[in-house]
Amino acid sequence: MAKGEIERDTIFYIIVMFIVMYIGASIVMGFNPLAWGKSGQLSQYFEPGKVYITNVNKQGSIEDLVKVNCTNPGSAAYIVTLNNPKFFYKGREKAIDFIVLLDYRNLLFLGDTGTAENKIHCTLPEDGQEFECPQNIKITFTLDGVGTLSDKQIFHFTTWLAKPEVITDAGKNGQTLKDMLDSRAPYYLSSFDVAFSSMEAECKQTECENIDNKIACKDKNADGCYWRSPLVWFSECKACPSETDCNKYDRDACTQCPIAMPNCRISSVLSGWSCIAR
């Protein structure tokens, strides 16, 4: 055997050994050696910041835009609403259409915008670099077959270019994010996460907010609703806090909520009022 052949065989042997060691280490550590390749492929298509929402809260989250309707009579489904997100898109096209999907418990739900095929249409102004999108849009997601919502929920919203094949796949029952990424990854634009630390509190808030008069709201005091009226012309039914600390209650909650009433009282001070322990 020639010297060159021996060197080639040695190099080949070393390469094979590195591959075997990599796969072995991956199995021991519980890492899928094929995942890196998939991740690299996805990074070619994922465009962080291309589609984004500008009206976020101080923490940079869109949590304030998301509402959950937990009191949908006659239905086993929950309604999640994304209220008036201000979408913007940066790119070179003259116009784009995209859809919004909600990834929840390994199922995808197509956002209903009330428009044709649920598309959101954005156009590029002549003197601008950012696409202008509808600013008063309301997107609803019907979560059917997800069981009971519990604490610490994560709602993962994803945006996709509204190509016919993408819309068709997105509307299929039982569709998952993995399935979409396997077949439609080039059309995946970006995503937004919303975390709820207490779905029970969110559901109670929705229930109370659906009551629009003082008498009906006070009838639900024992169930955790109270009538908040900081101003005569601005009143609403709100959910009671679950705190035992009286300082966590406003004036109306202090005198109406089931936890506060037996334990707290209003104390007048020079600077106004406060809810304190009895």
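The structure we're discussing is the one just above.
What this report covers is the structure whose coordinates are included nearby. Quick caveat: nothing in here was measured; it's all calculated off a predicted structure. Residue indices follow the written sequence of each chain, beginning from 1 at its first position. Where local features are concerned, this predicted model is filtered to residues with pLDDT of at least 70; where side-chain atom pairs are given and counted, the filter is 80 or more; whole-chain, interface and lining totals use all residues. The basis for every side-chain value is the complete set of non-hydrogen atoms in the structure, without hydrogens or water.

**Topic: the overall build of the chain**
Helix and strand definitions follow DSSP, with helices as H or I runs of at least four residues and strands as E runs of at least two, each counted in order from the N terminus. In terms of helices and strands, the chain carries seven helices and 15 strands. Summary of the burial criterion: residues with accessible area below 20% of their type's maximum are buried, those above 50% are exposed, and those between are partly exposed, where the area comes from a 1.4 Å probe applied to protein chains only. Residue burial in the chain is summarised as follows: out of 278 residues, 35% are buried. Here the contacts in the chain between residues at least 6 apart in sequence split such that 62% fall between residues at least 24 apart. Throughout, the Shrake-Rupley method with a 1.4 Å probe supplies accessible areas, and for residues the shown protein chains are the sole cover considered. About 16900 Å² of surface is accessible on the chain, with carbon and sulfur atoms providing 54% of the total. Contacts were defined at the residue level, with two residues in contact if any of their heavy atoms lie within 4.5 Å.

**As for the environment of Glu243**
Within the fold, Glu243 resides in the loop between β13 (234-239) and α7 (251-256). Using a relative accessible area of 38% as the deciding quantity, one classes Glu243 as partly exposed. Once residues lying within four places of it in the same chain are set aside, the contact partners of Glu243 are Lys248, Tyr249 and Ile259.

**Some words on unusual backbone geometry**
Among all residues except glycine, the phi angle is most often negative; among peptide bonds, the trans geometry is most common. The phi dihedral of Asn106 falls on the positive side, at around 65°, and the residue is not glycine. Mapping Asn106 onto the fold places it in the loop between β5 (95-104) and β6 (107-110). Take Asn106: its relative accessible area is 54%, and that puts it in the exposed class. Notably, Asn118 is not glycine yet its phi reads approximately 60°, a positive angle. One can find Asn118 in the loop between β6 and β7 (120-123).

**Brief notes about the state of the cysteines**
Count a disulfide wherever a pair of cysteine sulfur atoms falls within 2.5 Å. In total, this model carries six disulfides according to the counting rule given. Residue Cys254 pairs covalently with Cys275 via a disulfide, S to S 2.1 Å. A torsion of 80° about the S-S bond marks the disulfide between Cys254 and Cys275 as right-handed. Residue Cys254 is found in helix α7, and its partner Cys275 is found in strand β15 (residues 272-277); the two are separated by 21 residues along the sequence. Across the pair, exposure class does not vary: Cys254 and Cys275 are buried alike.

**Structural notes on the side chain of His156**
Note on placement: His156 falls in strand β10 (residues 153-161). In protein, a polar contact requires one atom able to donate a hydrogen and another able to accept it; more generally it is a pair of N or O atoms within 3.5 Å, and residues adjacent in sequence count only if both atoms are side-chain atoms. At 2.4 Å, the side chain of His156 and the side chain of Asp193 are in polar contact. In this structure His156 touches Leu101, Leu102, Asp103, Leu177, Tyr188, Ser191, Phe192 and Asp193, once residues within four positions along its chain are discounted.

**Some details on the environment of Val146**
Summarising the element assignment, Val146 is placed in the loop between β9 (138-143) and β10. Taking the relative accessible area as the measure of exposure, Val146 reaches 9% and is therefore buried. Separated by 40 residues in sequence, Val146 and Asn106 place their C-alpha atoms 9.6 Å apart. Apart from the residues lying within four places of it in its own chain, the contact partners of Val146 are Tyr78, Tyr104, Arg105 and Phe109.

**Overview of the nonpolar core**
For the purposes of this section, nonpolar cores are sets of buried Ala, Val, Leu, Ile, Met, Phe, Trp, Tyr and Cys residues that join through side-chain atoms within 4.5 Å. By size, the foremost hydrophobic cluster in this structure holds 31 residues, and its most contacted members are Phe87, Phe98, Leu143, Phe155 and Phe157. In terms of residues, this core owes the most to one element, β5, which gives five residues. In this structure, Trp160, Ala162, Ile167 and Tyr188 belong to the second largest nonpolar core, which totals 12 residues.

**Things to note about the pairing of β10**
Counting buried positions along β10 yields seven of nine residues, so the element is predominantly enclosed. In this sheet, β10 lies alongside β5 in antiparallel orientation, the contact comprising six bridges. When the bridges of β10 are listed, Leu101 appears paired with Thr158. Strands are labelled as partners when DSSP assigns at least two bridges between them.

All we've got here are geometric facts, nothing functional implied.
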